[in-house]
Amino acid sequence: MVPVAAAAGGYDTGETDWDFLFQNQGAVAIEAATRYFNPQRDLTNITGALGPSIDVDETAPFMVQRYSIAARLGESVRCMGSYRQPWAGEADYGSAWTYSFSAITQSFTSEDFGLTCGVSMALEKGKLTLLGGVSRQEVNYVLTQTTPIVGGTTTTDVSDEATAYRIGLAYEIPEYAMRFSVIYNSQVDYDMTGTVAFSAIPAPATPVFGSISMPQSVEAKFQSGVAPGWLVFGSAKWTDWSVADNMPLCAVGTPVCTQAAALSGLTLLFKDTWTVTLGAAHQFNEYFSVAGNVTWDQGATQGFTSQTDTWVAGLTAVLTPAQGMELKFGGTAGIMTSGNLSTLTLPGGIPNPFGYTASFGDDYVYTLNASAVFRF
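Right, let's walk through the structure included here. (Residues numbered from 1 in each chain as written. Predicted model: local features only at pLDDT ≥ 70, side-chain atom pairs only at ≥ 80, totals over all residues. Heavy atoms only, no water.)

**Structural notes on the overall build of the protein**
So, point 1. Per the secondary structure count, the protein includes zero helices and 25 strands.
So, point 2. Against the 2.2 N^0.38 benchmark of 21 Å for 376 residues, the protein shows a C-alpha radius of gyration of 22 Å, consistent with a compact globule.
So, point 3. Projected onto its principal axes, the C-alpha positions of the protein cover 70 × 40 × 35 Å.
So, point 4. The 376 residues of the protein split such that 48% are buried.
So, point 5. Considering only intrachain contacts with a sequence separation of at least 6, the fraction spanning at least 24 residues in the protein is 66%. (Helix = DSSP H or I, 4+ residues; strand = E, 2+ residues; numbered from the N terminus. Rg over C-alpha atoms; globule rule 2.2 N^0.38 Å. Buried < 20%, exposed > 50% of the residue type's maximum accessible area, 1.4 Å probe, protein only. Contact = heavy atoms within 4.5 Å.)

**Some points on the side chain of Thr275**
So, point 1. By the element assignment, Thr275 lies in strand 17 (residues 273-285).
So, point 2. Of the residues examined, Thr275 reaches a relative accessible area of 6% and is grouped as buried.

**Details of a negative patch on the surface**
So, point 1. Among the surface-exposed residues, Asp42, Asp55, Asp57 and Asp92 lie close enough to one another that they form a single negatively charged patch.
So, point 2. Judged by its relative accessible area of 39%, Asp92 falls in the partly exposed class. (Patch = residues over 30% accessible without salt bridge, like charges linked within 9 Å, V, L, I, M, F, W, Y side chains within 5 Å. Areas by Shrake-Rupley, 256 points an atom, 1.4 Å probe, with all protein chains shown as cover. Salt bridge = Lys/Arg side-chain N within 4 Å of Asp/Glu carboxyl O. Lys, Arg positive; Asp, Glu negative; His and termini not counted. Charge placed at Lys NZ, Arg CZ, Asp CG, Glu CD.)

**A closer look at the pattern of salt bridges**
If the charged atoms of two oppositely charged side chains come close together, the side chains can form a pair.
So, point 1. A full pass over the atoms with the stated rule returns eleven salt bridges.
So, point 2. Of the charged contacts in the structure, one is a salt bridge between Lys237 and Asp12, with a shortest N-O distance of 3.0 Å. In this pair, Lys237 is assigned in strand 14 (residues 230-239) and Asp12 in the segment before strand 1 (28-39), connecting sequence segments 225 residues apart.
So, point 3. We note a salt bridge from Arg78 to Glu172, for which the minimum N-O separation is 2.4 Å. Of this pair, Arg78 sits in strand 5 (residues 77-84) while Glu172 sits in strand 9 (residues 153-173), and the two are 94 residues apart along the sequence. For the pair Arg78 and Glu172, a shared accessibility class is recorded, and that class is buried.

**Points about the pairing of strand 9**
So, point 1. By the bridge criterion, 20 bridges tie strand 8 (residues 126-146) to strand 9 in an arrangement that is antiparallel. Each bridged residue has a counterpart across the sheet, and for Ser135 the counterpart in strand 9 is Ala164.
So, point 2. The hairpin turn running from strand 8 into strand 9, its antiparallel successor, is six residues long, and Ile149 in that turn takes a positive phi close to 70°.
So, point 3. Here six bridges tie strand 9 to strand 11 (residues 188-198), and the two strands are oriented antiparallel to one another. (Pairing = 2+ DSSP bridges.)

**Topic: unusual backbone geometry**
So, point 1. The backbone of Glu124 shows a phi angle near 55°, a positive value even though the residue is not glycine.
So, point 2. Turning to its location among the elements, Glu124 is positioned in the loop between strand 7 (105-123) and strand 8.
So, point 3. Positive phi, close to 70°, is recorded for Ile149, a residue that is not glycine.
So, point 4. Inspection of the secondary structure assignment puts Ile149 in the loop between strand 8 and strand 9.
So, point 5. Classification of Ile149 as exposed rests on a relative accessible area of 90%.

**Here we look at the environment of Met336**
So, point 1. Structurally, Met336 can be placed in strand 20 (residues 325-336).
So, point 2. Separated by 30 residues in sequence, Met336 and Ser306 place their C-alpha atoms 9.1 Å apart.

**Considerations on the state of the cysteines**
So, point 1. The full count for this structure, using the stated rule, is two disulfides.
So, point 2. Disulfide pairing places Cys79 opposite Cys117 at an S-S distance of 2.0 Å. An S-S torsion of about 110° defines the bridge between Cys79 and Cys117 as right-handed. Highlighted residues: Cys79 in strand 5 and Cys117 in strand 7, separated in sequence by 38 residues.
So, point 3. When its relative accessible area of 15% is taken as the criterion, Cys79 is described as buried.
So, point 4. On the basis of relative accessibility, which here comes to 22%, the residue Cys117 falls in the partly exposed class.
So, point 5. In this model, Cys250 is linked to Cys257 through a disulfide, with the two sulfur atoms separated by 2.2 Å. Across the S-S bond linking Cys250 and Cys257, the dihedral sits near 85°, which makes this disulfide right-handed. We note that Cys250, like Cys257, is buried.
So, point 6. When the bonded cysteines of the protein are numbered from the N-terminus onward, they pair as 1-2, 3-4. (Disulfide = S-S within 2.5 Å.)

**Topic: the pairing of strand 24 (residues 356-360)**
So, point 1. Most of strand 24 is tucked away: four of the five residues are buried.
So, point 2. The sheet contact formed by strand 21 (residues 339-342) and strand 24 spans four bridges and is antiparallel. From the neighbouring strand, Leu341 faces strand 24, where its bridge partner is Ala358.

**A look at the nonpolar core**
So, point 1. Leu43 and Tyr356 are the most contacted members of the largest nonpolar core, which has 36 residues in total.
So, point 2. Breaking this core down by element, the ones donating at least two residues are strand 2 (42-48), strand 8, strand 9, strand 11, strand 12 (206-214), strand 15 (246-251) and strand 24.
So, point 3. In terms of residue count, the dominant contributor to this core is strand 11 (four residues).
So, point 4. Residue contacts for Leu43: discarding those within four places in its chain leaves Asp55, Val56, Glu58, Tyr93, Leu341, Tyr356, Ala358, Ser359 and Phe360. (Core = buried A, V, L, I, M, F, W, Y, C linked by side-chain atoms within 4.5 Å.)

Structure below.
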């Protein structure tokens, strides 16, 4: 019985999770999982330099996938190949609101192809494992917005690849289903390149460049059996979201890409966050278990965006229909807390001609997840 990772602040999907490395007690184990996110953030009282606007539903649902294959290499070494989508965010404001010059849609997606290994040694009643891994990550950002003066739409599409790594320690006492782990995930720096295209202008798309960093994080986790058939678990994660502050995108050939020279971009102005999870699981019989958890996710916003604190509760059913097979079905439901935002001023104190202010109440968010594990 393993807790399902929670979505964290900013654009974090919660999928920088390497715990499957510990789930393989046989020679080989394979995992496939999918998760559906549906945040329902509504912006109201929108106004700015262009005047008032209709209310908009800012967010759009999206899905992320996770695949893993883990193998034991002798008594002391285990390794896992993985596919993750660690960063994701979708927004769909539509074109009917007054500030469609800022955005109609936004999409930030990622892929992570990784290898993680652990080397173990006996220590007291259990074993100590040194963990390490490396990944090749790719991120992609797409923005569509109404084009001022000439009409039509502007489409920004930029991407890059970079290398990420992780290191950590874990201590396990299998007799008590006990495990403590601490894992550091590295910061990843991207030099984004791509184009800005104007639908109403019969000219080639403009090549652009910029940069953004996705944050480092440190996560501590624990789990332990506390009674026959019962397991408690929890985690605390710090994420360095303040590095993901601003990504101005400038035409290729611009000596230094600054906000003043930008043709497009992504502004977040995030702060560092904490995410804390507590939960318990109960095995009713050899075929059926249930795990529940509560998560507080500190919002990354400092007032420029709407990523406020989130409180969610999760429930997952674990089915074991046959030896070596495990199926999980579950989800979470919660509240994104209320607040206000203002995009009137861009980094560097530059006035945003298409900036606006808005407010939002306590909004709902829910996820659905399913996974299958096969052990050989």
